[in-house]
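Structure assessment
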Amino acid sequence: MSDELDRIRREMHSVLQPEGVRPDDSLKITRRTFIHGSLVFGAATVGQAFAWWPLLNTLDIAHAAETPFKFAWISDTHLYPRSLNTRFVDKVVRAAQEVQAMDPPADFLIFGGDLAQLGKIEELELGVDLLKEIKIPKHYIPGEHDWYLDMGKKWGELFGQPNWTFDHKGVRFIGLDTVSRGPDYWTAKNMTPEERMGHMATLDGTVAGPWAGVGRDQLDWMEKTLADWDKQRPVVIFSHNPLYEYYPPWNFWVRDWREVHEVLKPYAKVTNIHGHVHQVLYNEIGTLRSIGMLATSWPWPYAPEGLPKLTKPMIRVDPGDPYDGVGWSKLDVAANDQLETEYIMWGRKEVFVQSPEDHDKHVSEVIRPRIADNMWPYR
Amino acid sequence: MITHSKIRCSLRRFPLIGGIAIAAVCAGPTSAHKDPVKPEQLKIYQEVFMEEVRKGDLLFHGDQKMAEQLGVADDLSKTGMACAMCHPMASDTHPQSFPKFQAQIAKFATLRDMINWCIEKPNQGVKIDPESEAMKALEAYITWSNTGSVLQPGKF
Ligand SMILES: [Fe+2]
Ligand SMILES: [Fe+2]
């Protein structure tokens, strides 16, 4: 797997990242990040410890907003019925209250998918109920946990079309559905809807296969949607999965990322904001930059390989604190044309690693895919 | 011969150390009733191990039937959370770093101690018997999944 990943990566870089090609120069990345509203600078010692000392998450976008505005992101709430798990409920309540309390208020909320844990009507409706606290306009994209019990039926009734676009103060926003086009792994094996959902809901499952994708039809739709848009003007794309290949065994990618980049290549200032990974991520490919968001439910560890070199990792969390390593995000499109991402991580003043020991990959590990889901009961 | 009997003498003083393997090597000419290991035997040993891995894999991923079979259905989790939700492919379990001082427990701990801590805290379940089959199966899966990781006992 490692060799194959390596080959794909080299190909990705030779095709999409020829020498000198980066997101437009006006998309300047600074070391600034806003954490709980306070400005933090990286310590030199950490810079030395991590040779690829990153960039944080402040983006400057030229020709961006006509007037400054903010928007907010919540995703990966993974709600169970309230009777089973109140911790996840409490965290959504907190995120919703904090978004609603933003001053000045956000113009809109993006909900980035995985509202429910097992796609149940009860779970999805609970999510809708909890997010009613937020009065600004809300836009939803689906996650795989929302979809595979009834193949998006309830989600569609609640939220409508899973992909959409709108323009807001000089920025074109696009929401993508990266979850509904999974290969049919259930019919031949006569799975019940619950079994189908169960395999999909297991991040390291081996049965559902490479389910994350945009699909030719949606790629064509995106191309059409962007056709009338000035190539120098900013585009922000929301997706559940990252639009590059990070770690396919956990579906930290979309399988047709090459085609996605073909469509986006002509546009100089594209930012993708995605959920699903439950962790801080940053990457640039060609003219596209990608930012991974926190979950409210629980954090995933970084994958054993493939973490983008440009990512400054989030701090290793304390599993005993349900509020550590999780939260939501505030995105600020400023008058000076910057798009600033602020991670609101509840358990921490410092969101990012401060020393090598703060990184969850500080203990080196070699891990392998599971076996039992392929042995039983579908031998 | 003298060398052999000396070794046998010293072994007698530590009858438990080394177990079968040392006994087989040292018994040598004086009691030549042992056969070299056969492929069929190796296959059986491996099957026993992989069956534990399979059970552990299912427990680790929240499989209710396996939890019932091993008598821990009411213990492992009361929140819907399963081990694999924070540890896909058993990553970040770091079995190679145990035993160690475990910050969350504030004591010198084994992997089994940590498994029970995760059951009690994030999963809000009930500790299981450290000698139970369920615990051994979880340990088998976690260590198997980390095959190839280098031992780093004591590492934070
Ligand atoms: Fe998620
Ligand atoms: Fe997801």
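A few points on the structure. These numbers come from a predicted model, not from an experiment.

**With respect to the coordination of the iron ion (ligand 2)**
Residue and element names in this part refer to chain A. Looking at the metal site, the iron ion (ligand 2) is ligated by D114 (OD), E144 (OE), E144 (OE), H240 (NE2) and H276 (ND1), spaced 2.2 to 2.5 Å from it. Distance-wise, the iron ion (ligand 1) is placed 3.4 Å from the iron ion (ligand 2), both being coordinated by D114. Of the two residues, E144 sits in helix α5 (residues 144-147) while H276 sits in the loop between β11 (270-274) and β12 (281-285), which places them 132 residues apart along the sequence. For E144, a relative accessible area of 2% translates into the label buried. With relative accessibility at 1%, the residue H276 sits in the buried group.

**With respect to the pattern of salt bridges**
According to the stated counting rule, one finds 25 salt bridges over all chains in the structure shown. One connected set of salt bridges, linked through shared partners, spans D360, K361 and E365 of chain A together with D92 of chain B.

**What about the sheet that holds strand β13 (residues 288-292) of chain A?**
Residues and elements named next belong to chain A. Spatial ordering of the open sheet is given by β8-β9-β10-β11-β13-β12, a layout of six strands whose pairing is mixed. Edge strands, defined here as strands with exactly one partner in the open sheet, are β8 (164-168) and β12. The average undirected angle you get between the axes of adjacent strands in this sheet is 20 degrees. As judged from the four bridges shared by strand β9 (residues 171-175) and strand β10 (residues 235-239), these two strands associate in the parallel manner. Bridge pairing in β10 places F173 opposite V236. Strand contacts of helix α8 (residues 216-226): β8, β9 and β10, with the helix running at about 165 degrees to β9, the strand carrying the most contacts.

**Details of the nonpolar core**
Counting 107 residues, the largest nonpolar core has F71, I74, F173, M222, I237, F238 and W328 of chain A as the members making the most contacts within it. Tallying contributions element by element places helix α3 (residues 86-100) of chain A first for this core, with six residues. Other than its neighbours up to four places away in sequence, W328 of chain A contacts A72, W73, I74, A95, E98, V99, M102, E342, Y343, I344 and W346 of chain A. Counting 28 residues, the second largest nonpolar core, distinct from the first, contains L76, A84, I128 and A137 of chain B.

Conventions used here
Residues numbered from 1 in each chain as written. Chains lettered and ligands numbered in written order. Predicted model: local features only at pLDDT ≥ 70, side-chain atom pairs only at ≥ 80, totals over all residues. Heavy atoms only, no water. Donors = N, O, S within 2.8 Å, 3.2 Å for Na, K, Ca; no water. Helix = DSSP H or I, 4+ residues; strand = E, 2+ residues; numbered from the N terminus. Buried < 20%, exposed > 50% of the residue type's maximum accessible area, 1.4 Å probe, protein only. Salt bridge = Lys/Arg side-chain N within 4 Å of Asp/Glu carboxyl O. Pairing = 2+ DSSP bridges. Axes fitted to C-alpha atoms, helices over the stretch in contact; angles between N-to-C directions. Contact = heavy atoms within 4.5 Å. Core = buried A, V, L, I, M, F, W, Y, C linked by side-chain atoms within 4.5 Å.

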